[in-house]
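Remarks on the overall topology
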Amino acid sequence: MKVIDHILQAKKTLFSFEILPPLRGHDIKDIFSTLDPLMEFNPPFIDVTYHREEFIYVEKDNGLLQRKKISRRPGTVGICAAIMNKYGVDAVPHLICGGFNKQMTENALIDLNFLGIDNVLVLRGDPLKSESNFFPKKDGHQYAVDLVKQIKDLNRGKYLDKTFIEQQEFPLFDFCIGVAGYPEKHLEAPNIESDLFFLKKKVENGADYIVTQMFFDNKKYFSFVKKCRSEGISIPIIPGIKPISSKKQLNSLPSRFYLNIPNELVKEIEKAKDKKIVSDIGIDWAIHQSKELKDSGIEIIHYYTMDKPKAITKIVQAVY
Ligand code: FAD
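Throughout what follows, the structure given in this document is the object of discussion. Remember, it's a predicted structure, so these values are computed and weren't measured experimentally.

1. Quick word on the overall build of the protein
When helices and strands are tallied, the protein shows 11 helices and 10 strands. A compact globule built from 320 residues should have a C-alpha radius of gyration of about 20 Å, and the protein, at 20 Å, falls within 12% of that. Overall size of the protein, expressed as C-alpha extent along the three principal axes, is 65 × 65 × 45 Å. Here the protein, with 320 residues, has 50% of them falling under the buried criterion. Counted over contacts in the protein with a minimum sequence separation of 6, partners at least 24 positions apart contribute 74%. In the form shown here, the protein has an accessible surface area of approximately 16,500 Å², with 52% of it arising from carbon and sulfur atoms.

2. Brief notes about the site of the ligand
Contacts to the ligand come from 22 residues, most closely from Tyr50, Asp126, Tyr182, Asp195 and Lys202. Contact distances for the ligand include 2.6 Å between an oxygen atom and a side-chain N or O atom of aspartate 195. Those elements giving two or more residues to the shell around the ligand turn out to be β5 (90-96), β6 (119-123), α6 (192-204) and β8 (209-214). With 3 residues, the single largest contributor to the shell around the ligand is α6. Residues of the shell around the ligand, tallied by class, amount to 12 nonpolar, 5 polar and 5 charged.

3. Points about the packing of aromatic side chains
Counted by the stated rule, this structure contains 10 aromatic pairs. Relative to tyrosine 320, the ring of phenylalanine 15 lies with its centre 5.2 Å away and its plane at 40 degrees, an arrangement referred to as tilted. Highlighted residues: phenylalanine 15 in strand β1 (residues 14-19) and tyrosine 320 in the segment after α11 (309-319), separated in sequence by 305 residues. Since its relative accessible area comes to 25%, tyrosine 320 is described here as partly exposed. By way of ring pairs, the aromatic residues Phe15, Phe17, Tyr303 and Tyr320 are connected into one cluster. Directly above the aromatic system of phenylalanine 32 lies the positively charged group of lysine 86, at a separation of 4.9 Å from the ring centroid. When the ring centre of tyrosine 258 is taken as reference, the NZ or CZ atom of lysine 185 above it lies at 4.4 Å.

4. Overview of the packing of α6 against helix α7 (residues 218-230)
Their axes nearest at 11 Å, the elements α6 and α7 cross at an angle of 60 degrees. Taken together, the axis directions place α6 and α7 in an arrangement best described as oblique. Crossing handedness for the pair α6 and α7: right-handed. The residues of α7 that touch α6, namely those facing Ile192, Leu196 and Leu199, are Phe224, Lys227 and Cys228. Its residues placed into classes, the contact of α6 with α7 shows 5 nonpolar, no polar and 1 charged.

5. Observations concerning the pattern of salt bridges
Using the criterion set out here, one finds 11 salt bridges in the structure. A salt bridge links aspartate 118 to lysine 2, with the shortest nitrogen-to-oxygen separation between them at 3.4 Å. Residue aspartate 118 is located in the loop between α4 (102-114) and β6, and its partner lysine 2 is located in the segment before α1 (3-9); the two are separated by 116 residues in the primary sequence. Of the charged contacts, one joins lysine 276 and aspartate 280 as a salt bridge, the two residues approaching to 2.6 Å between their closest N and O atoms. Note that lysine 276 and aspartate 280 are positioned in helix α10 (residues 275-295) at a spacing of 4 residues, about one turn of the helix. It is possible to trace a salt-bridge network through shared partners that takes in Lys2, Asp118 and Asp174.

6. What to know about the pairing of strand β7 (residues 176-181)
For β7, the tally of buried residues reaches 6 of 6 residues, placing the bulk of the element in the interior. Going residue by residue along β7, you find Cys176, Gly178 and Ala180 tucked away on one face and Ile177, Val179 and Gly181 tucked away on the opposite face as well. Taken together, the 4 bridges between β6 and β7 define a ladder with parallel strand orientation. When the bridges of β7 are listed, leucine 121 appears paired with glycine 178. In this region the chain leaves β7, passes through α6 and returns to the parallel neighbour β8; the handedness of that crossover is right-handed.

7. Thoughts on the state of the cysteines
Counting across every chain of the model gives 0 disulfides. Unpaired in this structure, cysteine 80 has its nearest cysteine sulfur neighbour in cysteine 176, at a distance of 14 Å. When its relative accessible area of 0% is taken as the criterion, cysteine 80 is described as buried.

8. Looking at the environment of arginine 124
Its location among the elements puts arginine 124 in the loop between β6 and α5 (144-155). Separated by 101 residues in sequence, arginine 124 and valine 225 have C-alpha atoms that sit 22 Å apart. Not counting residues up to four positions away in its chain, the partners in contact with arginine 124 are Ile96, Cys97, Gly98, Phe134, Gln142, Tyr143, Ala144, His186 and Glu188. Of the polar contacts made by the side chain of arginine 124, one reaches the side chain of glutamate 188; its length is 2.8 Å.

Procedures and definitions
Residues numbered from 1 in each chain as written. Predicted model: local features only at pLDDT ≥ 70, side-chain atom pairs only at ≥ 80, totals over all residues. Heavy atoms only, no water. Helix = DSSP H or I, 4+ residues; strand = E, 2+ residues; numbered from the N terminus. Rg over C-alpha atoms; globule rule 2.2 N^0.38 Å. Buried < 20%, exposed > 50% of the residue type's maximum accessible area, 1.4 Å probe, protein only. Contact = heavy atoms within 4.5 Å. Areas by Shrake-Rupley, 256 points an atom, 1.4 Å probe, with all protein chains shown as cover. Near = heavy atom within 4 Å. Polar contact = N/O pair within 3.5 Å; in protein donor to acceptor, adjacent residues only side chain to side chain. Nonpolar A, V, L, I, M, F, W, Y, C, P; charged D, E, K, R; others polar. Phe/Tyr/Trp six-rings, centres within 6.5 Å; stacked < 30°, edge-to-face > 60°. Lys NZ or Arg CZ within 6 Å of the ring centre and 35° of its normal. Axes fitted to C-alpha atoms, helices over the stretch in contact; angles between N-to-C directions. Parallel < 35°, antiparallel > 145°, perpendicular 65-115°, else oblique. Left-handed = near helix turned anticlockwise from the far one by under 90°. Salt bridge = Lys/Arg side-chain N within 4 Å of Asp/Glu carboxyl O. Pairing = 2+ DSSP bridges. Right-handed = clockwise from strand over helix to strand, strands pointing away. Disulfide = S-S within 2.5 Å.

What follows is the structure in structure tokens.
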């Protein structure tokens, strides 16, 4: 079933969450053991993030450094298929521009279609750690809006190679497309207006729903939704919530994701004497945020696990 249909048919607030593929060398059982406790709460869908290749430098015998491409977390599509097969729950692979050219993207979409996966969350991806700006692969997409268009074209039967034009009358594809939105603006955007302008382009090109970047102050979300609506963006906007789990995140999250952490939460965490207390504070804060969002009638709340699914289990037990 498509994410948009889960949203439209929701009779009460539902929850979804995203998981990361395990690090190379780890077993799919690690994923299942983190998912098992959450399945009793019937999540309508589970997102699986996509992790682009990275470049590292390794020292050779002669002392010179060699640039090496590594992929730490492969397996997004395989995990989606395994989740659907084991739990009968819809899986949403994240699909990014970075590292893909258009042909690779089309091939990936054909694979998804063969596996019965008809949901994708479409993202540009971040710049490589070794680069200060985002550079697309040759013949790839510069922005998520262009990737949305390619998928929408395929939904209309338009393949890259015009030889397959006869498929236009009988398109095989019907992907439901999610895109990202940023209540506190994307870090590269000069201002929120500009960011909303391009968010609207993603919607005009065919996005069905938006998932927000994490935020720690619900007012930011409500104000973002209001701004979107006044710009004519009318599709569902799923709020994204993450429980803080370490003191380090007080600095790393704002610098990595361009967001604010309310002072009240910062002070509480700074006072905490150990890791367990920090984690409990983060969970309580996320529970409070979730309850307020739920009370406002939101159809789905999305949780960022960032490899710490136990915290999400506690939140879900308290809220749903
Ligand atoms: P875009 O929508 O392309 O926007 C990027 C920037 O360019 C913005 O500042 C925007 O305002 C601007 N812009 C957009 N279009 C144009 C245009 N036509 N001309 C000029 N400027 C433009 N990353 C991963 O690598 N893997 C994941 O699995 C992943 N999952 C994510 C899930 C969610 C819910 C979110 C919120 C983010 C996720 N990310 C993931 C991170 C995401 O890839 C980064 O935030 C990335 O920097 C931007 O992606 P985007 O799709 O929002 O980009």
